[in-house]
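Analysis of the macromolecular model
As a plain string of letters, each chain reads:
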Amino acid sequence: MTATLDTATLHDCRDAFVATLQALATENQDIVAVVNDSVGSSKLGGFRDAFPQRLINVGIAEQNMVGVGAGLANGGKIPFVCAAAPFLTGRALEQIKADVAYSEANVKLVGISSGLAYGELGATHHSIEDFAWIRALPNVPVIAPADRHETIAAVTWAATHQGGCFLRLSRVGVPDLLPPGHVFTLGRANLLREGLDVTLIANGTLTHRALRAADLLAKQGIFARVLNMASVRPIDTKAIIAAAQETGAILTCEEHTLFGGLGSAVAEVVVDHSPVPMKRLGVPGIFAPTGPANFLLDEFGMSVEAIAKSAVELIQRKA
């Protein structure tokens, strides 16, 4: 398929998340929300007003928040535990490991404002390690939707999935990529564009940049395959192997450190099954500085033009 890209309108995936959660909660009284004094940043004000007894605000106590979520799950509820991604995954990692992953609790972890979205607040608020931390744990699928339609689909899937999961949502506006009514399938990539010269793999806020980079490459006579890899764990091994064998080169782009994230997950599949030239774009193992998220992505070599340039350089290595 070839995805259509409307860059004229940008959407905050948090809006899609809360609208979907509220609609699901209307139909299922077991759905509850647990937050860490983050009703505003999670945009859950409407949920609180509609279901005042089903939103639990534990205050700035992330470890306790995950524990409360696990307790609610043990009592038969379906908790969506929502917090800023750096604090949910960083402060409460032990509770996520023991209370959710090890206990196989039915807790939906929702990391809000992930990646570099809190750009002006600096390194303490960047969430560029969360893929690596959560991906290392069993029993917790890691999911980073690319647009509002995939967010709706992923939240809908999470509500019926029996077990924990981690949804990574940004506050940075992104254009629509996938069609309305899209159905999320865990462990399956979306082929957004056909191509046999190189494969671009991205997720979250980087997917639309990868697709636009493919448009630039097409003008140079280079036809790039574009995969939206929302499911980081489990990952679509079949799609990655096919990309390696059919295009001979893979470029990954992620709003995350280069260590342990999407690029690392793809590289693990490539080295095990079909080694080909590969390059990973991301934050190069440093504390990212202060600045707007889109500016920082550009600075780390992930502007549309820089992605296209990296793809050309990678193709030259195929020979």
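Residues numbered from 1 in each chain as written. Predicted model: local features only at pLDDT ≥ 70, side-chain atom pairs only at ≥ 80, totals over all residues. Heavy atoms only, no water.

Quick notes on the sheet that holds strand β4 (residues 78-84)
For clarity, the cut-off: Here a strand pair is declared whenever DSSP counts at least two bridges between the two strands. Strands here mean DSSP runs of E at least two residues long; helices mean DSSP runs of H or I at least four residues long; both are numbered from the N terminus.
An order of β3-β2-β4-β5-β7-β6-β12 is seen for the seven strands of this open sheet, with the pairing classed as mixed. The outermost strands of the open sheet, each flanked by one partner alone, are β3 (55-57) and β12 (231-233). Pairing of strand β2 (residues 31-35) with β4 involves five bridges; the strand directions are parallel. Note on β4: the bridge partner recorded for V34 is V81.

Brief notes about the packing of aromatic side chains
Threshold: Here is the rule: rings of Phe, Tyr and Trp (six-membered ring for Trp) pair when centre to centre is within 6.5 Å. Planes less than 30 degrees apart are stacked, more than 60 are edge-to-face, and the remainder are tilted. Remark: exposure states derive from per-residue accessible area (1.4 Å probe, protein chains only) relative to the maximum for the residue type, with buried under 20%, exposed over 50%, and partly exposed in between. Counting as a charge over the ring demands two things of the Lys NZ or Arg CZ atom: a distance within 6 Å of the ring centre and an angle within 35 degrees of the ring normal.
Evaluated as defined, the whole model comprises two aromatic pairs. Aromatic side chains W157 and F184 sit 5.5 Å apart centroid to centroid with 70° between the ring planes, which places their arrangement in the edge-to-face category. One end of the pair, W157, is in helix α7 (residues 148-160); the other, F184, is in the loop between β8 (174-176) and β9 (190-193), with 27 residues separating them in the sequence. In this pair, the class of W157 matches that of F184, namely buried. It is R54 that lies over the ring of F51; its NZ or CZ is 4.3 Å from the centre.

Considerations on the packing of helix α1 (residues 13-27) against α7
If you want to describe how two helices pack, look at the angle between their axes and the distance between the axes. What counts here: Working convention: axes come from line fits to C-alpha atoms, limited for helices to the stretch in contact. Angles between N-to-C directions cover 0 to 180 degrees. Crossings are assigned a handedness: left-handed for a near helix turned anticlockwise from the far helix by less than a right angle, right-handed for a clockwise turn. It only takes one pair of heavy atoms within 4.5 Å for two residues to be counted as in contact.
Taken N-terminus to C-terminus, the directions of α1 and α7 make an angle of 35°; their axes are 8 Å apart at the nearest point. Crossing hand, α1 versus α7: right-handed. Residues C13, A16, F17, T20, L21 and L24 of α1 lie in contact with α7, whose contacting residues are R148, T151, I152, V155, T156 and A159.

Things to note about the pattern of salt bridges
What counts is decided by this rule: Basic side-chain nitrogens of Lys or Arg form a salt bridge, by our definition, when they fall within 4 Å of a carboxyl oxygen of Asp or Glu.
For the structure shown, the criterion picks out twelve salt bridges. Here D12 ties to R14 by a salt bridge, and the two come within 2.7 Å at their closest N and O atoms. When its relative accessible area of 14% is taken as the criterion, D12 is described as buried. A salt bridge links R193 to D215; the nearest nitrogen and oxygen atoms lie 2.5 Å apart. One end of the pair, R193, is in strand β9; the other, D215, is in helix α8 (residues 207-219), and 22 residues separate them in sequence. Look at R193 and you get buried, because its relative accessible area is 15%. Within this structure, D12, R14, D15 and K43 form a network of salt bridges that share partners.

Describing unusual backbone geometry
In this structure, the amide linkage connecting R233 to the following residue, P234, adopts the cis form with an omega of -5°. Within the secondary structure layout, P234 lies in the loop between β12 and α9 (237-247). Its identity is not glycine, yet K43 carries a phi of approximately 60°, on the positive side. For K43, the location among the structural elements is in the loop between β2 and α2 (45-50). Relative accessible area serves as the criterion here: at 32%, K43 is assigned to the partly exposed category. Despite not being glycine, S113 has its phi angle at roughly 55°, a positive value.

A look at the pairing of strand β10 (residues 198-202)
With five of five residues buried, β10 lies mostly within the body of the structure. Alternating residues of β10 divide into V198, L200 and A202 and T199 and I201, and every residue in both groups is buried. Bridging between β10 and strand β11 (residues 224-228) involves five bridges; their strand directions are parallel. When the bridges of β11 are listed, V198 appears paired with A224.

A word on the sheet that holds β10
One open sheet holds the five strands; their spatial order is β9-β11-β10-β13-β14, and the pairing between them is mixed. Edge strands, defined here as strands with exactly one partner in the open sheet, are β9 and β14 (278-283). Geometrically, the sheet is characterised by an average inter-axis angle of 25° between neighbouring strands, direction not taken into account.

Section: the nonpolar core
Using the following cut-off: Each nonpolar core is a collection of buried residues, namely Ala, Val, Leu, Ile, Met, Phe, Trp, Tyr and Cys, held together in the definition by side-chain atoms within 4.5 Å.
Membership of the largest hydrophobic core comes to 36 residues, with the highest contact counts inside it found for L116, L200, L206, L217, V226, L251 and I307. Sorting the residues of this core by element identifies β10, α8, β11, β13 (250-257), β14, α11 (293-299) and α12 (304-318) as the ones contributing at least two each. If you look at the next biggest cluster of nonpolar residues, it comprises 30 residues, including L21, V110, I112 and A153.

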